[in-house]
Amino acid sequence: MSIVTVQLGQCGNQIGFEVFDALLSDSHSSQGLCSMRENEAYQASCKERFFSEEENGVPIARAVLVDMEPKVINQMLSKAAQSGQWKYGQHACFCQKQGSGNNWAYGYSVHGPRHEESIMNIIRKEVEKCDSFSGFFIIMSMAGGTGSGLGAFVTQNLEDQYSNSLKMNQIIWPYGTGEVIVQNYNSILTLSHLYRSSDALLLHENDAIHKICAKLMNIKQISFSDINQVLAHQLGSVFQPTYSAESSFHYRRNPLGDLMEHLVPHPEFKMLSVRNIPHMSENSLAYTTFTWAGLLKHLRQMLISNAKMEEEGFKDPALYTSWLKPVNAFNVWKTQRAFSKYEKSAVLVSNSQFLVKPLDMIVGKAWNMFASKAYIHQYTKFGIEEEDFLDSFTSLEQVVASYCNL
Amino acid sequence: MTQSVVVQVGQCGNQIGCCFWDLALREHAAVNQAVLIDMEEGVVNEILQGPLRDVFDTKQLITDISGSGNNWAVGHKVFGSLYQDQILEKFRKSAEHCDCLQCFFIIHSMGGGTGSGLGTFLLKVLEDEFPEVYRFVTSIYPSGEDDVITSPYNSILAMKELNEHADCVLPIDNQSLFDIISKIDLMVNSGKLGTTVKPKSLVTSSSGALKKQHKKPFDAMNNIVANLLLNLTSSARFEGSLNMDLNEISMNLVPFPQLHYLVSSLTPLYTLTDVNIPPRRLDQMFSDAFSKDHQLLRADPKHSLYLACALMVRGNVQISDLRRNIERLKPSLQFVSWNQEGWKTSLCSVPPVGHSHSLLALANNTCVKPTFMELKERFMRLYKKKAHLHHYLQVEGMEESCFTEAVSSLSALIQEYDQLDATKNMPVQDLPRLSIAM
């Protein structure tokens, strides 16, 4: 089954490119370390999910690129074409001339309604190309104006028009020390809206990935390109074909659906995070709560000792909340084939209290700024009133409280 | 891509504008839109006869012969009403040529008559006619030793208009520009740098440009301002990993509508020919941006309160360099309690001509207050004695109330800065949050 990716804003488009690039390079890599038949099945599955075929054999990414100014999209289109391995569809882009000015209200209330029809049309065309459609993967940042505001608007529309399909939003959490001054406002508005219309929020923090680049990968002068590539690697390892639960002979057909089913048991809890080995070390575990520390250490030990996957460690009921049985809460997806040059790798996608602290911090900072009414006039100018802010604050306090009560 | 229209008003405005176009042409081949306005012919005529004559279309000019006599009232009221229709028409034509008009850049001085009076009259016109297009104003404030006696009057009257009708103002004073020139001259002539300064890299130079020599004393100073404008628009014109459009500047740096005055600083002022720049040199660039030597306004941001700060970097600089420097500089700067991490950043891959990288810092900081207070004092000294007032009052439409209103407007602005300053050394407290019933 196929997944349609929607890339929004500078961040969404820059990352989207890296993801498709990573998926295809891995799929074509000669270091699969498995049988040829295995390799072919893997490639076919990957292709079907993310690419459609063109006459001259160059795969076209199943993606829609949206941005309110043209520079980034143009760059990504040419980069893809230059690779010679794959490209974006010619008519899969929607572009305007002037950005959203880092203003969530502008992205949501002005660009959204203005361009609703055109954007939804392009998305529909892409969906129609799929033989069997599984759902949407929406990539956006929450700090800026287009990814965040227009992203929230588009997700809402997808909920209305494709209520039977699944939507997973990949959201980039900005650096704690500013990329954008009003990033906390934009973030809380985005998260509160998406919580209502999306099925799962896969969150990646720039700070965390920056640490991976610095400490584990030893990159000296870290660029956004480096960060995006690490991200793409993590996403790739989640989305590349794995065996289905029934047998080791068939690749899982509906990755999105299966992910949601296992990871989002309750609509109150939608925030997911990704941990990937090898990349992780115990340094980063400092942020986790006590119960996860043991878990991930275990994962790491398994890798080092080349042991078979020992799932027993994950079945400890103490790790999970009382209303979930471990057998329902924990799932293992396997594949023989190696991913992206790592002989053995493991990735953990979790729905946990891990993200509560960062969320709490963002809400706190946004609240402090809101109390002084700073920058509010920039939002009310485009129709987002103080009540809308208060609604967002309320929703997110609710989310924080729910997670804390687990 | 978005376009801006540059509006150069008065002698000062036109001279700076000229330098700007010179530099802009070095970076691009494209011709942008400009409207040149002056109430006496000298400057604009020179431009039209000079090497830049092909850049400007005569249809974009508005000139008169008599000049405004350093009188804001003449510039604003007399020429304003006389030329309103013509001006509007020029603007409309310029806008039509633009694919997507994002911003008007107005360049003028505050102390004279045309730039100050007519320049600020334009703001209202633009606001009414093009409400969605941003109005960025680069204003040259008079120094203490200004030779125009009535400059305080002109400046205060202009300030009221800036308060009410500009989206963003970059105040600059001649003294700072002069200090920068002197410093550069000293460095270059003292032989400390020897022959190692890269040609074309002096921020004051016009080498490689169409104008070959520094014919006027202000040329070098004007070049600095021109560089500022060029760097401001770089991220909108060129690609980068973190773009910044002009509308983002307003969004991030203006927390309250009145407080839209931004102190700018530019580095480097020159580049050495050393090609391999170690990170230390890069870090020095960031330190320089926060030193008073590189500011275009006499002010002390480090000892005042930051409301917001933007760093626009050009060249081969990555996000980790940016973050490292912000972490390093943050402890020495004071940010307002509700915006402790108030940084807006952008990375543009294309450096300016002659440099490998550059940094433009824009700060919304209470340090502009002393400039305004000084201006107000100079105003009051004249006004109390009613000196030269009759020249203004005899202009139709001018009354004493214009003066008193202008002063109140300025006082209110100063008071807002005062209130913010009062919060300066208070500990940051977390306010109680909403509590949710579970």
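Residues numbered from 1 in each chain as written. Chains lettered and ligands numbered in written order. Predicted model: local features only at pLDDT ≥ 70, side-chain atom pairs only at ≥ 80, totals over all residues. Heavy atoms only, no water.

**Some details on unusual backbone geometry**
So, point 1. Residue Pro268 of chain B is reached from Thr267 of chain B by a cis peptide bond, and omega for that bond is -10°.
So, point 2. Along the polypeptide, Pro268 of chain B turns up in the loop between β7 (263-267) and α9 (279-289).
So, point 3. The phi dihedral of Lys373 of chain A is positive, around 65°, even though this residue is not glycine.
So, point 4. Here Lys373 of chain A is to be found in the loop between α12 (356-371) and α13 (376-380). (Helix = DSSP H or I, 4+ residues; strand = E, 2+ residues; numbered from the N terminus.)

**With respect to the interface of chain A and chain B**
Often the size quoted for an interface is simply the accessible area lost on bringing the parts together.
So, point 1. On the chain B side, the residues contacting the 53 residues of chain A number 54 residues.
So, point 2. Overall, the association of chain A and chain B removes approximately 4500 Å² of surface from exposure, summing both partners, and the carbon and sulfur fraction of that is 52%.
So, point 3. Ionic pairing is found between Lys97 of chain A and Asp99 of chain B, a salt bridge with its closest N-O pair at 3.3 Å.
So, point 4. Linking chain A to chain B there are 24 residue pairs in polar contact (both at pLDDT 80 or more).
So, point 5. For the side of chain A that touches chain B, the secondary-structure elements that each account for two or more residues are α1 (9-28), α3 (70-83), α7 (206-216), α12, α13 and α14 (386-404) of chain A.
So, point 6. Sorting elements by how many residues they give to the side of chain A that touches chain B places α12 of chain A first, with 8 residues.
So, point 7. Looking at the side of chain A that touches chain B residue by residue, the class counts come to 18 nonpolar, 24 polar and 11 charged. (Contact = heavy atoms within 4.5 Å. Buried area = accessible area lost by both parts, 1.4 Å probe. Salt bridge = Lys/Arg side-chain N within 4 Å of Asp/Glu carboxyl O. Polar contact = N/O pair within 3.5 Å; in protein donor to acceptor, adjacent residues only side chain to side chain. Nonpolar A, V, L, I, M, F, W, Y, C, P; charged D, E, K, R; others polar.)

**What to know about the sheet that holds strand β8 (residues 306-315) of chain B**
Residues and elements named next belong to chain B.
So, point 1. Taken together, 4 strands build an open sheet; the order of strands is β7-β10-β8-β9 and the sheet is mixed. Among the strands making up the open sheet, the edge pair consists of β7 and β9 (343-348). Within this sheet the neighbouring strands show an average axis-to-axis angle of 10°, counted without direction.
So, point 2. Where β8 lies against strand β10 (residues 357-365), 9 bridges are found, and the strand directions are antiparallel. Within the sheet, the bridge partner assigned to Met312 lies in β10 and is Leu360. (Pairing = 2+ DSSP bridges. Axes fitted to C-alpha atoms, helices over the stretch in contact; angles between N-to-C directions.)

**Regarding the confidence of the model for chain B**
Any region with low pLDDT has predicted coordinates that should not be read closely.
Residues and elements named next belong to chain B.
So, point 1. Mean pLDDT over chain B works out to 83, with 86% of the residues at or above the 70 mark.
So, point 2. Ranking the elements of chain B by mean pLDDT puts helix α2 (residues 41-49) last, at 70, and helix α5 (residues 151-165) first, at 95.
So, point 3. Segment residues 208-214: pLDDT under 50, and 19 contacts once partners within four positions in sequence are set aside and those in other chains are kept.
So, point 4. Confidence over residues 273-277 falls short of pLDDT 50; this stretch has 6 contacts with residues more than four positions distant or in other chains. (pLDDT = per-residue confidence, 0-100.)

**Overview of α12 of chain A**
All names here are of chain A.
So, point 1. Spanning 16 residues, α12 covers 22 Å between terminal C-alpha atoms, matching the ideal 22 Å at 1.5 Å per step.
So, point 2. Looking only at α12, the buried set comprises Val356, Pro358, Leu359, Ile362, Val363, Gly364, Ala366, Trp367, Asn368, Met369 and Phe370.
So, point 3. Just downstream of α12 lies Lys373, where phi reads positive at about 65°. (Expected span 1.5 Å × (residues − 1). Buried < 20%, exposed > 50% of the residue type's maximum accessible area, 1.4 Å probe, protein only.)

**Quick word on the pattern of salt bridges**
So, point 1. Tallying each qualifying case throughout the model produces 23 salt bridges over all chains.
So, point 2. Ionic pairing is found between Lys167 of chain A and Asp199 of chain A, a salt bridge with its closest N-O pair at 3.7 Å. With Lys167 of chain A in strand β7 (residues 166-173) and Asp199 of chain A in the loop between α6 (183-197) and β8 (200-205), this residue pair connects regions lying 32 residues apart in the sequence.
So, point 3. Using a relative accessible area of 23% as the deciding quantity, one classes Asp199 of chain A as partly exposed.
So, point 4. The shortest N-O distance in the salt bridge between Asp418 of chain B and Lys369 of chain B comes to 2.5 Å. Residue Asp418 of chain B is found in helix α13 (residues 400-422), and its partner Lys369 of chain B is found in helix α11 (residues 369-384); the two are separated by 49 residues along the sequence.
So, point 5. Connected via shared salt-bridge partners are Glu159, Lys167 and Asp199 of chain A.

**A closer look at the pairing of strand β5 (residues 134-141) of chain B**
Residue and element names in this part refer to chain B.
So, point 1. Of all 8 residues in β5, 8 are buried; the element is thus mostly enclosed.
So, point 2. Across the two faces of β5 the burial is the same, with Tyr134, Phe136, Thr138 and Ile140 and Arg135, Val137, Ser139 and Tyr141 all buried.
So, point 3. As defined by bridge partners, strand β4 (residues 101-109) adjoins β5 across 7 bridges and the pair is classed as parallel. Of the residues in β5, the one forming a bridge with Ser109 is Ile140.
So, point 4. After leaving β4, the chain enters helix α4 (residues 114-129) and then returns to the sheet as β5, a path that is right-handed.
So, point 5. Pairing between β5 and strand β6 (residues 168-173): 6 bridges, direction parallel. (Right-handed = clockwise from strand over helix to strand, strands pointing away.)

**Details of the side chain of Ser94 of chain B**
So, point 1. Relative to the elements of secondary structure, Ser94 of chain B occurs in helix α3 (residues 72-97).
So, point 2. Overall, Ser94 of chain B belongs to the buried group, its relative accessible area being 3%.

**Brief notes about the environment of Pro427 of chain B**
So, point 1. Note on placement: Pro427 of chain B falls in the segment after α13.
So, point 2. In sequence terms Pro427 of chain B and Ser337 of chain B are 90 residues apart; their C-alpha atoms lie 8.0 Å from each other.

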